[in-house]
Each structure stands twice: as structure tokens, then as C-alpha cells.
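One letter stands for each residue in the lines below.
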Amino acid sequence: MNVREYFRDLLKRHLKQRELWDTVPQTSKLMLLAMVFCLFAAIGVISQLDSHTASQAKLWTAALFTGVFAVAYAWVAIHKTWLWIFLLLPLQAILTPLVFIMVRQHSRAGPVVPDALAPWLTTSSMLTIFLVSSAYVLTMTFIAREGDRFFRTHTEIRLAGEIHKALVADIQKQTQGFEFYGKSLASGVVGGDLVDTLEQDGHWVAYVADVAGHGVSSGVLMAMIKSATSMCVRFDPKADGLLAAVNDVLCSLKTGNMFATFACLSWSRDDGLRSSLAGHLPILLCRGEEIQWLSAQNLPLGLFPNAAFESTAVDVLPGDVLAILTDGLTEVVDKKGDELGMEAIAGTLRRLKDRPLVEIAAAILDQADRHGARSDDQSLLFVRRLQ
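Rules used in this analysis
Every residue gets a number counted from 1 within its own chain, in the order that chain's sequence is written. Predicted model: local features are reported for residues with pLDDT of at least 70 only, side-chain atom pairs are reported and counted for 80 or more only, and whole-chain, interface and lining totals are derived from all residues. Values reported for side chains reflect all heavy atoms of the structure, with hydrogen atoms and water molecules removed beforehand. Each helix corresponds to a stretch of at least 4 residues labelled H or I by DSSP, and each strand to a stretch of at least 2 residues labelled E; elements are numbered beginning at the N terminus. For every residue, the accessible area (1.4 Å probe, protein chains only) is compared with the maximum for its type, and the residue is labelled buried under 20%, exposed over 50%, or partly exposed between those bounds. Like-charged residues within 9 Å of one another, or nonpolar side chains (Val, Leu, Ile, Met, Phe, Trp, Tyr) within 5 Å, are grouped into patches, provided each residue has over 30% relative accessible area and no salt bridge. Only the protein chains shown count as cover for residues, and all accessible areas are computed by the Shrake-Rupley method using a 1.4 Å probe. When a carboxyl oxygen of Asp or Glu is within 4 Å of a side-chain nitrogen of Lys or Arg, the pair counts as a salt bridge. Residues belong to one nonpolar core when they are buried, are Ala, Val, Leu, Ile, Met, Phe, Trp, Tyr or Cys, and are joined through side-chain atoms within 4.5 Å. Residue contacts are defined here by distance: any two heavy atoms, one from each residue, within 4.5 Å place the two residues in contact. For two strands to count as paired, DSSP must find a minimum of two bridges between them. The axes used here are C-alpha line fits, helices contributing only the stretch in contact, and every angle between their N-to-C directions lies in the interval 0 to 180 degrees. Put simply, angles under 35 degrees are roughly parallel, angles over 145 are roughly antiparallel, angles from 65 to 115 are roughly perpendicular, and the rest are oblique. Rotating anticlockwise by less than a right angle from the far helix to the near helix defines a left-handed crossing, while the corresponding clockwise rotation defines a right-handed one. Under the scheme applied, nonpolar residues are Ala, Val, Leu, Ile, Met, Phe, Trp, Tyr, Cys and Pro; charged residues are Asp, Glu, Lys and Arg; polar residues are all the others, including Gly. Pairing of aromatic side chains requires ring centres within 6.5 Å, counting the rings of Phe and Tyr and the six-membered ring of Trp. Pairs whose planes differ by under 30 degrees are stacked, by over 60 edge-to-face, and all others tilted.

Re the environment of Met 231
Among the secondary structure elements, Met 231 is positioned in helix H6 (residues 215-233). Look at Met 231 and you get partly exposed, because its relative accessible area is 42%.

With respect to a nonpolar patch on the surface
Taken together, the side chains of Leu 91, Ile 94, Leu 95 and Leu 98 define a hydrophobic patch exposed on the protein surface, amounting to about 340 Å² of accessible area. Within the secondary structure, Leu 98 is located in helix H4 (residues 85-105).

Remarks on the nonpolar core
Core analysis: the biggest nonpolar cluster contains 27 residues, and Ile 225, Phe 262, Cys 264 and Leu 301 have the highest contact counts within it. Elements with a contribution of two residues or more to this core: strand S3 (193-200), strand S4 (203-211), H6, helix H7 (239-253) and strand S5 (260-268). Setting aside chain neighbours within four positions, we find Cys 264 in contact with Val 205, Ala 206, Tyr 207, Ala 239, Leu 242, Leu 243, Arg 274, Ser 275, Ser 276 and Ile 283. Ala 323, Ile 345, Ala 346 and Leu 357 belong to the second-largest nonpolar core, a separate cluster that totals 23 residues.

A look at the pairing of strand S7 (residues 283-287)
Extensive coverage of S7 is indicated by the burial of 4 of its 5 residues. In terms of strand pairing, S7 meets strand S8 (residues 290-294) through 5 bridges, oriented antiparallel. Paired with Leu 285 across the strands is Gln 292, a residue of S8. Looking at chain direction, S7 and strand S11 (residues 321-325) are connected through 3 bridges and run antiparallel.

Looking at the packing of helix H9 (residues 341-351) against helix H10 (residues 357-371)
One can describe the packing of H9 onto H10 by two numbers: an axis separation of 10 Å at closest approach and a directional angle of 150°. Compared by their axis directions, H9 and H10 come out roughly antiparallel. Crossing handedness for the pair H9 and H10: right-handed. Counting all contacts with H9, which are made through Ala 344, Ile 345, Thr 348 and Leu 349, the residues of H10 involved are Ile 360, Ala 363, Ile 364 and Gln 367. Tallied by class, residues from the contact of H9 with H10 come to 6 nonpolar, 2 polar and no charged.

Section: the packing of aromatic side chains
In this structure the tally under the stated criterion is 5 aromatic pairs. Ring geometry for Tyr 207 against Phe 262: centres 5.0 Å apart, planes inclined by 10°, an arrangement best described as stacked. Of the two residues, Tyr 207 is situated in strand S4 and Phe 262 in strand S5; the sequence distance between them amounts to 55 residues. Accessibility assignment for this pair places Tyr 207 and Phe 262 in one class, buried. Feature note: the residues Phe 178, Phe 180, Trp 204 and Trp 267 constitute an aromatic cluster, connected by ring pairs.

Examining the pattern of salt bridges
When the charged atoms of two side chains with opposite charge come close together, those side chains can pair. In this structure the tally under the stated criterion is 8 salt bridges. For Glu 199, the salt bridge is made with Lys 173, and the minimal N-O distance between the two is 3.3 Å. Separated by 26 residues along the polypeptide, Glu 199 in strand S3 and Lys 173 in strand S1 (residues 171-175) bring together distant segments of the chain. Residues Asp 320 and Arg 287 are paired through a salt bridge, measuring 2.7 Å at the closest nitrogen-oxygen approach. On the criterion of sequence distance, the pair formed by Asp 320 in the loop between strand S10 (312-314) and S11 and Arg 287 in strand S7 is long-range, its members being 33 residues apart. Judged by its relative accessible area of 21%, Arg 287 falls in the partly exposed class.

The analysis is restricted to geometry; functional conclusions fall outside its scope.
Below, the structure is given as C-alpha cells:
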């Protein structure tokens, strides 16, 4: 490798580190700079211990001067190119003797160090400075190496989060005399909840899936469910047949300790509206002041291959609103340890049943936020019969 290639490689590594530092929050950068200041201020104090002309003013000046320049070097390493060091080094070399000359001229001398003690102080201070400086270099090297690994992981998780947002976009549509609104809020960068609607040959399917667990693994299984559901709807858009097909796909792809609950509504002119639940919360049907709980259950998806699933006919009238929720909403816990529960959400649905679906959803999500912190993915899907 020639000199030109060496500096080109050095520049690439520096730009990569700059990208890493751009992802670090400002508060974390301030903490790092504060650590650098304190560490090198201590080195400045230690450097004065073997001085025969030591004084309080020189100790404070050495601490402040060394700490400030150390912070300047660290700031340049974070935000600028390494070429700035060629400006800081001569500046420090010029200012250091000038500042200490002024301090010596305008400060009183401190206690005199005995000649017998001076060599021991000199050796001790030099050894301490060496050890502390070595610890700093090793620490920064460790941060750089682990930071590079963190940067790659962080980039992958951020990409997964972007894919998740695309897969679980908000739903707001009307089709075949029905209105839909769906929204999903992940508890982290990647969530395991899924809200979707599909149409095929005069049929539509609206469903909510909730993968057990959190994080990237749940997000991957969620993407598999979305893909499998989209594929299976083409062959069997009916609720019971759809769940059986998706279950078989998941059983062949997932690991043994993962499963998903599923709530599905399907409609066609021949079969009307049907619902099917696979280990999921009941579907709420709001008609006037009455709330019905559609709770006929099947096993969750992904537990057993070739499992049988059943669906139930739902009598739906114009103005009726159906709500599918995930337990991330109902299991929000307040400071007393009490869960929000389905009853509270059903009350909000009953009170706002005639409002636009987006407003009903916003009210329920706000109700959950006011009740307690979000610790699980929160998703909801509303379906209103228009005619």
C-alpha cells in the first residue's frame, strides 16, 4: 500500500467514524467530553506534583488548561477531520509556556518540595500519567471497535424499522359498503403487531395479528404472516380457510417457541360477514348503545400443523362498528397496577360510535397513554358498515 492509498483508507475510516458519531445523542457526547475533561484535568494536576515551584494557581491552571485542550482534541475527533490537530498542536505548544509564565509571575509560591522527596514524586507522577493516558487510549480504542459493531447493528435495526413501518402502514379506506381504519404503534423500533386489509374477487379480509414477544424476531415473523396471508387470500379468502392456510405456512417456517394470535373479518356477497379468532381478544361489535363480544375461539397460529379453524357468521347492520384490538392496549397498567381492560375501551367505543373512525382510534390510543406507559405493541382496526 502506497502513501496515497494509505491516506485514502484513513479518510474512509474517519468518515465511517463520523457517521457513527452522528448517531450518538448530544447528551451522550457531552458526557464523553466531560469525562475527557475530568480525566486530563487530573493529569494536569499530577504533572505539577514534582515541581519545586508548585502553587495553588499552577495546579488550577494546569487542570483547566489540560482539560480544555483535551476536550478540544476530542471535539475535533468527533466533528472535524484529523487535519485540525495540526492547528491545535502548535497552538497548545505556544500557549502553554506563556500561560504558566504569567501564572508564575502573578501567583505566590507554594510549599517547597524537599530534595529527597522530589525524585520519588517525579517517578510517581510520570508513572501515574502514563497509566492514566494508557487507560484513556485503551478505552477510546474499545469504544471505536465496539462502536463500529454497534453502528452496523444499529443500521440494520433502523432498516428493519423502516421496513416495519412500510409493512404496517395506517389503513384508511372504503370498499363495498364498508369503511376501514387501522393503526399500529410499536413499543420499540420493530414491532410484532400487524394490521391489514385485502381484497380478492369481490371478497375482502380485514385482520389483526399479534406475534408473541418483541423486537426483531417478532417483526420477522410478522412479515412472514403478512406475506403468507396475502398469498393465501388468493386461494381461499374465507376466514376459516385463510387461518388454516396461514397456520400451515407458519408451522413450516418458524421456530418452535413462536406463535401469533389472529383476529379476522371476511366479507363476500354470498357468505356475508364472518369472523374468526385464533387465540386473540374478542372482536367488539357496537350497535347503538349495545356492545357485543364476538369471542368464538380457535388455537393461535403456528402451534400445530393441520389444525382446524372455524368462523362464525356476524349479523351486521348499517352504522355498526366492529373493533379489533391487541392486548398491548387492554393490558396497559397504571401506577396502581390496574389494567385498562376491554370494558373501558368498549365504553369509549360506545360513546364515540358515531364519530369518524380516525377520531375513535385517536381517543382510544390517548386513553391508553393516559392510563399508563406503552410496554407492548398497540394496534387497532375498525370496520364500519356504511350501507
